[in-house]
Amino acid sequence: MKRFQVTEATVSDLDDIVRVLLEGCRAAYGILNCTKKDLGVEVLIADMATRKPAYFLERLSDPGVKFFVHRTPEGVVNGFIEAGFRPDGSGQLYAWHLSPELHRTGVARTLMRTALEYFGDVAVHSNTTIGTKAYGAHRNLGFTPIGMAGPTPPPMVAAGLVGWQQNMIMNREVRAALLARWDRLDAPSA
Ligand SMILES: CC(C)(COP(=O)(O)OP(=O)(O)OC[C@H]1O[C@@H](n2cnc3c(N)ncnc32)[C@H](O)[C@@H]1OP(=O)(O)O)[C@@H](O)C(=O)NCCC(=O)NCCS
């Protein structure tokens, strides 16, 4: 049983998904060191605001990509997770974002749980920036680093936000154990 209701997004959710993404990135990357005066997270957000609507329109229109979303009682998206499959059949997470007022409420767990259940019994890949809360959350859930960390993408570097981006993997056994733990925690009598 899930504690929160999660549904699939449609193209009509585009604006809300971009808004939640930008809120998430502001919260996540605002804590990174900024190496250049007069630049920083707001420069990045302004740049993303010009590019991300077209990018997410394409993603939302792609039948191979799933967006699982949480909504306000009025139906406005306030959190999402973006998931797809790699050619080898393993899962790939592309984004996991929640409006800041919902952090640590368990909504993010329900989003992650829905994506992990959607993938089935396969390993799951993700990628996140070392030092962010999301990195701590990934580690806590059982994702482990895979390969060397790389520099943050060019738009972040251009905004002076320098950090390290890490590919991560959750193996099948860890996924199964995590879902079993969440089943117990989210059971009605728990
Ligand atoms: C990443 C994000 C969605 C997590 O949301 P959240 O509300 O903090 O997550 P929840 O409280 O539902 O916790 C989900 C799990 O992650 C763990 N977790 C969350 N934040 C954590 C942290 N800072 N350190 C360690 N573990 C953490 C929790 O322990 C929880 O596992 P549990 O339920 O088994 O205990 C949220 O912080 C966010 O939107 N961040 C900004 C955007 C971002 O960086 N997205 C990721 C890009 S890959």
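Up top you'll find the structure we're talking about.
Residues numbered from 1 in each chain as written. Predicted model: local features only at pLDDT ≥ 70, side-chain atom pairs only at ≥ 80, totals over all residues. Heavy atoms only, no water.

Some details on unusual backbone geometry
Despite not being glycine, Arg104 shows a phi value in the positive range, around 60°. Relative to the helices and strands, Arg104 resides in the loop between β4 (91–98) and α3 (107–119). (Helix = DSSP H or I, 4+ residues; strand = E, 2+ residues; numbered from the N terminus.)

Digging into the site of the ligand
Taken together, the neighbourhood of the ligand is formed by 21 residues, with Trp96, Arg104, Arg109, Asn140 and Arg181 sitting nearest. In the model, an oxygen atom of the ligand is placed 2.9 Å from a nitrogen or oxygen of the Leu98 main chain. Taking Arg104, its main chain carries an N or O atom lying 2.6 Å from an oxygen atom of the ligand. Of all the secondary-structure elements, those providing two or more residues to the shell around the ligand are α1 (14–29), β4, α3, β5 (124–129), α4 (133–141) and α6 (172–185). Top contributing element to the shell around the ligand by residue count: α4, with six residues. (Near = heavy atom within 4 Å. Polar contact = N/O pair within 3.5 Å; in protein donor to acceptor, adjacent residues only side chain to side chain.)

Examining the side chain of Ser126
Tracing the chain through its elements places Ser126 in strand β5. For Ser126, a relative accessible area of 5% gives the class buried. Within polar-contact distance, the side chain of Ser126 engages the side chain of His138 at 2.8 Å. If sequence neighbours within four positions are ignored, Ser126 has contacts with Gln92, Leu93, His138, Phe143, Gln166, Asn167 and Met168. (Buried < 20%, exposed > 50% of the residue type's maximum accessible area, 1.4 Å probe, protein only. Contact = heavy atoms within 4.5 Å.)

Looking at the packing of α3 against α6
The interhelical angle for the contact between α3 and α6, taken along N-to-C directions, is 130°, at an axis separation of 11 Å. With respect to each other, α3 and α6 are oriented oblique. Crossing of α3 over α6 shows left-handed handedness. On α6, the residues that touch Arg109, Met112, Arg113, Leu116 and Glu117 of α3 are Arg175, Leu178, Leu179, Trp182, Asp183 and Leu185. (Axes fitted to C-alpha atoms, helices over the stretch in contact; angles between N-to-C directions. Parallel < 35°, antiparallel > 145°, perpendicular 65-115°, else oblique. Left-handed = near helix turned anticlockwise from the far one by under 90°.)

Shape descriptors only; they carry no functional weight alone.
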